[in-house]
Amino acid sequence: QVQLVESGGGLVQPGGSLRLSCAAAGSIFRVNAMGWYRQGPGKQRELVASISSGGTTNYADAVKGRFTISRDNAKNTVYLQMNSLNPEDAAVYYCQANAASRSSGIEYGYWGQGTQVTVSS
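All of these numbers come straight from a predicted model, not from anything done at the bench. (Residues numbered from 1 in each chain as written. Predicted model: local features only at pLDDT ≥ 70, side-chain atom pairs only at ≥ 80, totals over all residues. Heavy atoms only, no water.)

(A) Looking closely at the sheet that holds strand β3 (residues 18-26). Strand order across the open sheet formed by four strands is β1-β3-β8-β7, with antiparallel pairing between neighbours. Each end of this open sheet is capped by a strand with a single partner; those strands are β1 (2-7) and β7 (67-72). Averaged over all pairs of adjacent strands, the angle between strand axes in this sheet comes to 15°, irrespective of strand direction. Sheet analysis places β3 next to strand β8 (residues 77-82), joined by six bridges and oriented antiparallel. Residue pairing in the sheet places arginine 19 in a bridge with glutamine 81 of β8. (Pairing = 2+ DSSP bridges. Helix = DSSP H or I, 4+ residues; strand = E, 2+ residues; numbered from the N terminus. Axes fitted to C-alpha atoms, helices over the stretch in contact; angles between N-to-C directions.)

Structure, rendered in structure tokens:
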């Protein structure tokens with residue numbers, strides 16, 4: 001089994017920064033693409049950014065130039081550096097990863113538990 005453990009959410013003032021982390025844990029055979037999604041109040045979950053195992057990145061238009069996704073393959077960890085945060089960025093942020101466990105070798109999509117990001121003065 002594969003678990004995703006997130007950290008780094010919290011309260012930040014407009015214009016501030018936060019860094020989210022998500023580590024894949026368990027009996028891991030392979031971690032492929034990883035990404036971050038968010039869901040604001042009354043909104044659908046949306047893709048924020050994704051990164052392939054080779055480092056190719058993709059960003060939602062709303063966060064381009066402000067957010068940076070990166071990963072450490074040796075640690076099976078993905079990061080989201082968020083700068084110039086504004087109230088519209090407030091949401092629960094979810095980590096997502098496509099990974100295969102050692103027991104099955106079959107790739108599935110996994111989700112983290114979510115971490116709250118609040119942007120308020």
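(B) Expanded view of the packing of aromatic side chains. With the rule as written, the count across this model stands at one aromatic pair. The side chain of arginine 45 reaches across the aromatic face of tyrosine 94, ending 3.7 Å from its centre. The side chain of arginine 45 reaches across the aromatic face of tryptophan 111, ending 4.7 Å from its centre. (Phe/Tyr/Trp six-rings, centres within 6.5 Å; stacked < 30°, edge-to-face > 60°. Lys NZ or Arg CZ within 6 Å of the ring centre and 35° of its normal.)

(C) Up close: the side chain of threonine 115. Within the secondary structure, threonine 115 is located in strand β11 (residues 115-119). Given a relative accessible area of 12%, threonine 115 falls into the buried group. A polar atom in the side chain of threonine 115 sits 3.3 Å from the backbone nitrogen of glycine 9. Ignoring sequence-local partners within four residues, the contact set of threonine 115 consists of Glu6, Gly9, Leu20, Ala91, Val92 and Tyr93. (Buried < 20%, exposed > 50% of the residue type's maximum accessible area, 1.4 Å probe, protein only. Polar contact = N/O pair within 3.5 Å; in protein donor to acceptor, adjacent residues only side chain to side chain. Contact = heavy atoms within 4.5 Å.)

(D) Examining the nonpolar core more closely. Judged by nonpolar contacts, the single largest core of 30 residues is most densely connected at Trp36, Leu80, Met82 and Tyr93. In terms of residues, this core owes the most to one element, strand β9 (residues 91-101), which gives five residues. (Core = buried A, V, L, I, M, F, W, Y, C linked by side-chain atoms within 4.5 Å.)

(E) How the structure looks around the pattern of salt bridges. Enumeration according to the criterion identifies five salt bridges in this entry. Note that arginine 30 and glutamate 107 form a salt bridge whose closest N and O atoms lie 3.5 Å from each other. With a gap of 77 residues between them, arginine 30 in strand β4 (residues 28-39) and glutamate 107 in strand β10 (residues 107-111) connect regions that are remote in the sequence. Owing to a relative accessible area of 33%, arginine 30 belongs among the partly exposed residues under this scheme. Given a relative accessible area of 32%, glutamate 107 falls into the partly exposed group. The residue aspartate 89 makes a salt bridge to arginine 66 at a minimum N-O spacing of 2.7 Å. Here arginine 66 lies in the loop between β6 (57-59) and β7 and aspartate 89 lies in the loop between β8 and β9, a separation of 23 residues in the sequence. Judged by relative accessible area, which is 1%, aspartate 89 ranks as buried. (Salt bridge = Lys/Arg side-chain N within 4 Å of Asp/Glu carboxyl O.)

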